[in-house]
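Residue strings, one per chain:
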Amino acid sequence: HFAAAPSAVYGVVLLMAGTAYYGLERCIIATHGGDEAVLSKAMGRGGFKEMVSIVGYAAAIALAFTVNGLSLLIYAGLALMWLVPDRRIERALDRE
């Protein structure tokens with residue numbers, strides 16, 4: 001019941017949102033003190049969730065035309081991954 005083209009377009013939207021989030025995160029870190037800021041130390045070089053999401057969305061877009069069900073499972077899995085809160089910032093502020 002799910003067509004390939006709308007699933008791929010949904011993935012493109014998710015990919016663009018994930019890329020924008022990663023870019024925004026990097027801009028905020030650069031604006032607030034660069035590599036020495038508390039936020040920069042907390043977030044590290046690149047977030048695991050952000051990179052997994054971007055790669056997952058790109059893979060799901062490609063799979064939408066061959067194994068559409070798997071691409072939908074990837075979208076759902078990545079959404080569930082983001083439900084788990086990221087405690088890196090909280091821990092870094094507690095250390096400071």
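Described below are features of the structure shown in this document. (Residues numbered from 1 in each chain as written. Predicted model: local features only at pLDDT ≥ 70, side-chain atom pairs only at ≥ 80, totals over all residues. Heavy atoms only, no water.)

In this section: a nonpolar patch on the surface. A contiguous nonpolar patch, built from Val67, Leu70 and Leu73 and spanning about 270 Å² of accessible area, is present on the exposed surface. On the accessibility criterion, Leu73 (60% relative accessible area) is exposed. (Patch = residues over 30% accessible without salt bridge, like charges linked within 9 Å, V, L, I, M, F, W, Y side chains within 5 Å. Areas by Shrake-Rupley, 256 points an atom, 1.4 Å probe, with all protein chains shown as cover. Salt bridge = Lys/Arg side-chain N within 4 Å of Asp/Glu carboxyl O. Buried < 20%, exposed > 50% of the residue type's maximum accessible area, 1.4 Å probe, protein only.)

Next up on the list: the nonpolar core. Listed in full, the eleven residues of the largest apolar core are Ala8, Leu14, Leu15, Ile54, Tyr57, Ala60, Ile61, Ala64, Tyr75, Leu78 and Met81. Of all the secondary-structure elements, those providing two or more residues to this core are helix 1 (4–31), helix 3 (48–63) and helix 4 (68–81). With four residues, the single largest contributor to this core is helix 3. (Core = buried A, V, L, I, M, F, W, Y, C linked by side-chain atoms within 4.5 Å. Helix = DSSP H or I, 4+ residues; strand = E, 2+ residues; numbered from the N terminus.)

Right, let's get into the packing of helix 1 against helix 4. Running from amino to carboxyl end, helix 1 crosses helix 4 at an angle of 30°, the nearest separation of the two axes being 10 Å. In terms of axis orientation, helix 1 runs roughly parallel to helix 4. Relative to helix 4, the crossing made by helix 1 is left-handed. Contacts between helix 1 and helix 4 involve Ala4, Ser7, Ala8, Tyr10, Gly11 and Leu14 from the first element and Asn68, Leu72 and Tyr75 from the second. When the residues that make up the contact of helix 1 with helix 4 are grouped by side-chain class, the tally is six nonpolar, three polar and no charged. (Axes fitted to C-alpha atoms, helices over the stretch in contact; angles between N-to-C directions. Parallel < 35°, antiparallel > 145°, perpendicular 65-115°, else oblique. Left-handed = near helix turned anticlockwise from the far one by under 90°. Contact = heavy atoms within 4.5 Å. Nonpolar A, V, L, I, M, F, W, Y, C, P; charged D, E, K, R; others polar.)

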